[in-house]
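Residues per chain are reported as follows:
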Amino acid sequence: MRPIVIVPACTRDFGEHPYHAAQHKYVDAVTLGADCASLILPSLGASLDLDTLFGTIDGIMLTGSASNVHPSYYSEEVLDPSLPQDPARDQTTLPLIREAVRRGVPIIAICRGFQEMNVALGGSLHQAVQTVAGKFDHREKAELGMDEQYGDAHNVSLCPGGLLERILGVPEIPVNSLHGQGVNELAPGLTVEALAEDGLVEAFTVSNAPGFTLAVQWHPEWRIQHNPYSMKMFGAFGQACREYHERRCENYERRRSAG
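Computed from a prediction, not measured in an experiment: that's the story for all the values here.

K.L.:
How should I be thinking about the nonpolar core in this particular structure?
P.N.:
Within soluble globular proteins, side chains that are nonpolar tend to cluster in buried spots. Formed by 30 residues in total, the largest nonpolar core has its most connected members in Met61, Leu164, Trp218, Phe234 and Phe237. Taken together, the elements giving at least two residues each to this core come down to strand E1 (4-8), helix H1 (24-33), strand E6 (107-110), strand E8 (154-158), helix H6 (163-168), strand E9 (172-175), strand E13 (213-216) and helix H7 (228-257). A per-element tally of this core places H7 first, with 5 residues. In contact with Leu164, not counting residues within four places along its chain, are Leu158, Glu193, Ala194, Ala203, Leu214, Trp218 and Met233. Core analysis: the next-biggest nonpolar cluster, separate from the first, contains 27 residues, Ala100, Ala187, Leu190 and Val206 among them.

K.L.:
Where do I start with the sheet that holds strand E5 (residues 59-62) in this structure?
P.N.:
Strand order across the open sheet formed by 9 strands is E4-E1-E5-E6-E13-E12-E11-E8-E9, with mixed pairing between neighbours. Sheet topology places strand E4 (37-41) and E9 at the edges, where each strand pairs with a single neighbour. Here the strands of the sheet are splayed against their neighbours by 20 degrees on average, with no regard to which way each runs. Where strand E12 (residues 201-206) and E13 come together, 2 bridges link them in antiparallel fashion. For Phe204, the partnering residue across the bridge sits in E13 and is Ala215. The sheet contacts of H1 involve E1, E4, E5 and E6, and relative to E4 the element is tilted by about 150 degrees. Against the sheet, H7 makes contact with E1, E5, E6, E9 and E13, and its axis sits at roughly 145 degrees relative to E6, the strand it touches most.

Conventions and cut-offs
Residues numbered from 1 in each chain as written. Predicted model: local features only at pLDDT ≥ 70, side-chain atom pairs only at ≥ 80, totals over all residues. Heavy atoms only, no water. Core = buried A, V, L, I, M, F, W, Y, C linked by side-chain atoms within 4.5 Å. Buried < 20%, exposed > 50% of the residue type's maximum accessible area, 1.4 Å probe, protein only. Helix = DSSP H or I, 4+ residues; strand = E, 2+ residues; numbered from the N terminus. Contact = heavy atoms within 4.5 Å. Pairing = 2+ DSSP bridges. Axes fitted to C-alpha atoms, helices over the stretch in contact; angles between N-to-C directions.

Structure below.
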């Protein structure tokens, strides 16, 4: 059996009906890049049964989204009310992240998921990176086609000796850039894994987490099979999920044998 990786959903309205939704590319990244089975997790907020969930899963992938983490979680007011929010997702993913880190469940996080991890663990965000002195405008150009929007935008430098450098085996890689927000204060206990040319944090891990953690600001899931760096990242995540799955099954068998 392949490990089970959950993909927390966003909430969306299609017509007059609300939906739990996840983009195909994220599910494909779990299937094709990590070689794991994916399940979409509804944004249930306080109704989420964490104990039942963690008795079943072997990994978590936190996706990107058009919505932003609500700034009240890092003690700020909304800077631009025209930008979308997703309170149900916030109420689901933030406690999910904290519990997953505590239990050692492997996590890979992308864009909004990267920002969620920083906020969940006590960090804050720039709500508009392009207005911060010395920072670039990291947003995509909406007038371009998807292939151009997700094309290489700038390089990131990988921190020597870090997890990401060990996975990829190079000091620098080109990445896409489709985000308006970014790390302001890094949460306690996080280790920077990559920096953009303007010094913005582009990747981090949780320093003392008992399990695999990797969060990146760019979108490695885009056309994943055509990007060897992305395949290596998801391959490492998938291997961590398989090892966690084996330990979880062994623990279950021991408890069952003990009666």
